[in-house]
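Topology and contacts: notes
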Amino acid sequence: MNQILYMNNNKKKGGPLEIKTILRIFAILCIVFGCILVGQSSFALFTNKESMESVPIVEISQEGNQLLLTVKHDKIIDRIVYSWNENQEIILQGKGRVELEETITIPVGNNNLKIKIIDIEGKTVSYTNTYELEDGDVTKPEIELLVEGSKVKMVAKDETALSYMTYYWNDEDETTVEVREDSPKQIEEKIDILKGENTLTIIAVDMEGNETTKEQIFKGVKKPVIELAKDGNDLIIKVTDEEGIQKIEYTLNGVYYSTDPQNTGTSLNTKQFDFKQPLTSGENKITIKAYNINGLEAEVSGVANI
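Since the structure is predicted, the reported quantities are computational estimates derived from the model, not experimental observations. (Residues numbered from 1 in each chain as written. Predicted model: local features only at pLDDT ≥ 70, side-chain atom pairs only at ≥ 80, totals over all residues. Heavy atoms only, no water.)

Below, the discussion takes up the overall build of the protein. Along the protein, the regular secondary structure elements total 2 helices and 20 strands. By the burial criterion, 30% of the 306 residues in the protein qualify as buried. Surface summary for the protein: the accessible area is close to 20200 Å², and the carbon and sulfur share equals 51%. (Helix = DSSP H or I, 4+ residues; strand = E, 2+ residues; numbered from the N terminus. Buried < 20%, exposed > 50% of the residue type's maximum accessible area, 1.4 Å probe, protein only. Areas by Shrake-Rupley, 256 points an atom, 1.4 Å probe, with all protein chains shown as cover.)

Another point: a negative patch on the surface. On the surface, Asp171, Glu172, Asp173 and Glu174 cluster together to form a negatively charged patch. Note on placement: Asp173 falls in the loop between β10 (162-169) and β11 (175-178). (Patch = residues over 30% accessible without salt bridge, like charges linked within 9 Å, V, L, I, M, F, W, Y side chains within 5 Å. Salt bridge = Lys/Arg side-chain N within 4 Å of Asp/Glu carboxyl O. Lys, Arg positive; Asp, Glu negative; His and termini not counted. Charge placed at Lys NZ, Arg CZ, Asp CG, Glu CD.)

Turning to the sheet that holds β10, a few remarks are in order. Pairing in this open sheet of 4 strands is antiparallel, and the strands run β11-β10-β13-β14 from one edge to the other. The open sheet has two edge strands, β11 and β14 (211-220), and neither has a second partner. Going across the sheet, the axis of each strand differs from the next one's by a mean of 20 degrees, ignoring polarity. Strand direction decides the pairing type here: strand β13 (residues 196-206) and β14, joined by 10 bridges, are antiparallel. Bridge pairing in β14 links Ile202 to Lys214. (Pairing = 2+ DSSP bridges. Axes fitted to C-alpha atoms, helices over the stretch in contact; angles between N-to-C directions.)

The backbone of Asn170 shows a phi angle near 50 degrees, a positive value even though the residue is not glycine. With respect to the helices, strands and loops of the structure, Asn170 is situated in the loop between β10 and β11. You can call Asn170 partly exposed: its relative accessible area is 31%. In this model, Asn269 sits at a positive phi of 55 degrees, which is unusual for a non-glycine residue. Mapped onto the fold, Asn269 is located in the loop between β17 (255-258) and β18 (270-278).

See the structure below:
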């Protein structure tokens, strides 16, 4: 019997592993494999994040001898550094902005422009481009339009010298304004704004033939019309306006009168307003102002003797 027991023990040691042992080994292998997968995923996420980092958007447009540089970024721009032909660098501070604009003058000749954008994290992106500028005047004139009551003032300017300016309403014939000898860099002209909606076109040309055209639509309105007449000891005041009268105010011998003394903004809601103002014996000084609903003002002053 002892011999049989001895043989049985040997068989047990050399036989298959118990189920609990197998499960433990399997669990350990699963944990190790999971750690490997987590490590690979983390690395992949880090790699994708690095590859998805944005870079500044740089836009450059040329107008004559000027470049308009626009830089946009999703991070704060620390500074922009640019230079022509590897010469002295010019630094533009970001000042906490994510978008910057700068006008850069192009030197005469063939030039290499280098731009560096440094963001708040210290990352630098560089751009280079070549620009050629011929010797001579290549800058176009500038045109400004200023509305003054029922008129528009046209101003053409050039950094060297203008030749002439032309303008026309809608499809009408052109009117030409020549440059004056005492003002070679600027031409000014003031004209009435036509009633209704009309398009004004202005063309300015400098001595080198550089040309600028500007169009603008104007809605023309007229000032109120004030008429005065005396009837015995009364002053007859008549105010008319094509669009509508907002208010009337006048001063007679130092005394102020108004149809809207509290400045409520209430319109008279009429295109014609007539009234009588009694006069006193002797000299009567009067100043009348009328305002229409478009904000235009007319003023008339006079003296009536009784």
